[in-house]
Amino acid sequence: MKNILLIVVASILLTLQSCSMYSETTFHKDAASSTQIDFDFKEAMQFAKSMVPDSLQEDQKLDDLEKLPKVWTSFYDMELKDGNKIKNQDSAKVMKKMFIKSNFDGKDLAGMSMKFDHFTKSDYEFLEIAPSDKKLPVNTNNYKDWDGKKLTINTKDFNLSDLEKLMTENTGEENLSKEELQEKAEQTKMMLKMMNMKITSIVKFENKIKSVTGKHDWIHQIDDYTIKISFTSSDLVDDDKKLINKDEKIVIVTE
């Protein structure tokens, strides 16, 4: 699982400036949820290949990405293919419900997708306590607070903290001093301000929405079954961003 996630992180770090992330989550009646996340970085990949082919070829990042399966493959099967045995049954159970694949436009790599199939609250909690080398580069906190009827969205979880940690922990810099880590954090924040990553999440419910309590500029109800969440990566780190509606909790109750 570590190797898979490092490929994911490398791809995102490589393509942030021209990347978009689109996710669609269905909240099921049985208190589970299913999510698909699509990263589109076609333009960034084309730019990277044209501008810095030598360094990228040296790091083998493009080669690794292009070796990802072109059809949905579970993290469990990916580990077995790499010759790794999963002894922990809880890990195996969760990894069998996590899938990944690459997306191509003709012969050119255009993006990648991840999928969580019928995840329960305990599945998401398992990911939270996983070691740092197994963390996902997406925040899944808002997916777990679902009981089959009510979803609570904590808008404070709209952040890239998980990605920021991975940017430090997976570049061999986890042993930096406090001052060096602070400087690294400031550099990361500056980079996140400069990039133009569009993040869109579509939230669907099997039952009709009965009520929505709380308001936030980035959250809008589309119809009786659908909520849309949309913002950019620069919005997340812009201290001067003026929000009209910014409730910390949005509670959605279904029939």
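Residues numbered from 1 in each chain as written. Predicted model: local features only at pLDDT ≥ 70, side-chain atom pairs only at ≥ 80, totals over all residues. Heavy atoms only, no water.

Observations regarding the overall build of the chain
Put simply, the rule is: Helix numbers and strand numbers start at the N terminus; a helix is a DSSP run of H or I with at least 4 residues, a strand a run of E with at least 2. Each residue is placed in one exposure class: buried if its accessible area under a 1.4 Å probe, protein chains only, is under 20% of its type's maximum, exposed if it is over 50%, and partly exposed if it falls in between. Residues are treated as being in contact if the distance between any of their heavy atoms lies within 4.5 Å. Where accessible areas are quoted, they stem from the Shrake-Rupley method and a 1.4 Å probe; at the residue level, only the protein chains shown are allowed to cover.
Within the chain one finds eleven helices and eleven strands. Here the chain, with 255 residues, has 44% of them falling under the buried criterion. Sequence-distant contacts, at least 24 apart, represent 68% of the contacts inside the chain between residues at least 6 apart. Accessible surface, the chain as shown: approximately 13,900 Å² in total, 47% of it carbon and sulfur.

Focus: the pattern of salt bridges
As a reminder, the rule being used: Only one rule defines a salt bridge in this text: a Lys or Arg side-chain nitrogen within 4 Å of an Asp or Glu carboxyl oxygen.
In total, this model carries four salt bridges according to the counting rule given. Between K204 and E24 there is a salt bridge, with the nearest N and O atoms lying 3.3 Å from each other. One end of the pair, K204, is in strand β7 (residues 198–205); the other, E24, is in strand β1 (residues 20–27), and 180 residues separate them in sequence. Since its relative accessible area comes to 32%, K204 is described here as partly exposed.

Some points on the confidence of the model for the chain
Threshold: A score between 0 and 100, pLDDT records how confident the predictor is in each residue.
Confidence along the chain averages 78 in pLDDT terms, with 66% of residues attaining 70 or more. Between residues 55–60, whose pLDDT stays under 50, and residues either more than four places distant or in other chains, the model counts five contacts.

Some details on the nonpolar core
In a soluble, globular protein the nonpolar side chains are often hidden away together inside. Applied cut-off: Within this scheme, the nonpolar core is defined by two criteria: the residues are buried Ala, Val, Leu, Ile, Met, Phe, Trp, Tyr or Cys, and they are joined through side-chain atoms within 4.5 Å.
Formed by 41 residues in total, the largest nonpolar core has its most connected members in F39 and F205. Of all the elements, strand β5 (residues 108–119) adds the most residues to this core, at five residues.

Brief notes about the pairing of β5
Under the convention used in this document: Note on pairing: DSSP must find at least two bridges between two strands before they are called paired.
Both strand β2 (residues 33–40) and β5 contribute to a ladder of seven bridges, which runs antiparallel. Within β5, the position partnered with T35 by the bridge is F116. Note: strand β4 (residues 98–105) against β5, eight bridges, orientation antiparallel. Across the sheet, the residue bridging to F99 is K115, located in β5.

Some details on the packing of aromatic side chains
Put simply, the rule reads: Side-chain rings of Phe, Tyr and Trp, where Trp is taken by its six-membered ring, are said to pair if the distance between their centres is within 6.5 Å; with planes under 30 degrees apart they count as stacked, over 60 as edge-to-face, and otherwise as tilted. Note on geometry: a ring has a charge over it if NZ (lysine) or CZ (arginine) is within 6 Å of the ring centre and within 35 degrees of the ring normal.
By the definition in use, this model includes nine aromatic pairs. Geometrically, the ring pair formed by W146 and F205 is tilted, given 5.5 Å between the ring centres and 55° between the ring planes. Taken as a pair, W146 in the loop between α8 (141–144) and β6 (150–154) and F205 in strand β7 lie far apart in primary sequence, 59 residues in all. Of the two residues examined, W146 and F205, each falls in the buried class. Relative to W218, the ring of F158 lies with its centre 6.1 Å away and its plane at 40°, an arrangement referred to as tilted. Of this pair, F158 sits in the loop between β6 and α9 (161–169) while W218 sits in the loop between β8 (209–213) and β9 (219–223), placing them 60 residues apart in sequence. Across from the ring centre of F99, 5.6 Å away, lies the NZ or CZ of K115, which sits over that ring.

Points about the sheet that holds β5
Overall, mixed pairing links the eight strands, which are arranged β3-β4-β5-β2-β1-β7-β10-β9 in an open sheet. The outermost strands of the open sheet, each flanked by one partner alone, are β3 (73–74) and β9.

Section: the sheet that holds β6
To keep things clear, this is the line we draw: All axes are obtained by fitting lines to C-alpha atoms, using only the stretch in contact for helices, and the reported angles, taken between N-to-C directions, cover 0 to 180 degrees.
Here three strands make up an open sheet; going across it, the order is β6-β11-β8 and the pairing antiparallel. In this open sheet, the two edge strands, each paired with only one partner strand, are β6 and β8. If you compare each strand with its neighbour and ignore which way they point, the axes differ by 15° on average. Here four bridges tie β8 to strand β11 (residues 249–254), and the two strands are oriented antiparallel to one another. Residue pairing in the sheet places V212 in a bridge with I252 of β11.

A look at the environment of K96
With respect to the helices and strands, the residue K96 is situated in the loop between α6 (89–95) and β4. Residues K96 and S74, spaced 22 residues apart in sequence, show a C-alpha to C-alpha distance of 5.5 Å. Setting aside chain neighbours within four positions, we find K96 in contact with S74 and Y76.

Notes on unusual backbone geometry
Of all residues except glycine, most have a negative phi; of all peptide bonds, most are trans. Positioned with a positive phi, A31 is a non-glycine residue whose angle comes to about 80°. Relative to the helices and strands, A31 is located in the loop between β1 and β2. Of note in this structure, H118 is not a glycine but carries a positive phi near 50°. The residue H118 is located in strand β5 in this model. Of the residues examined, H118 reaches a relative accessible area of 31% and is grouped as partly exposed.

Quick look at the side chain of N103
Formally: Throughout this description, a polar contact denotes any pair of N or O atoms lying within 3.5 Å of each other; where both atoms belong to protein, one of them has to be capable of donating a hydrogen while the other can accept it, and for residues adjacent in sequence the pair is counted only when both atoms sit in side chains.
Within the secondary structure, N103 sits in strand β4. For N103, the side chain forms a polar contact with the side chain of K101, separated by 2.5 Å. With sequence-adjacent residues up to four places away left out, N103 is seen in contact with D108, L109, A110, G111, M112 and S113.

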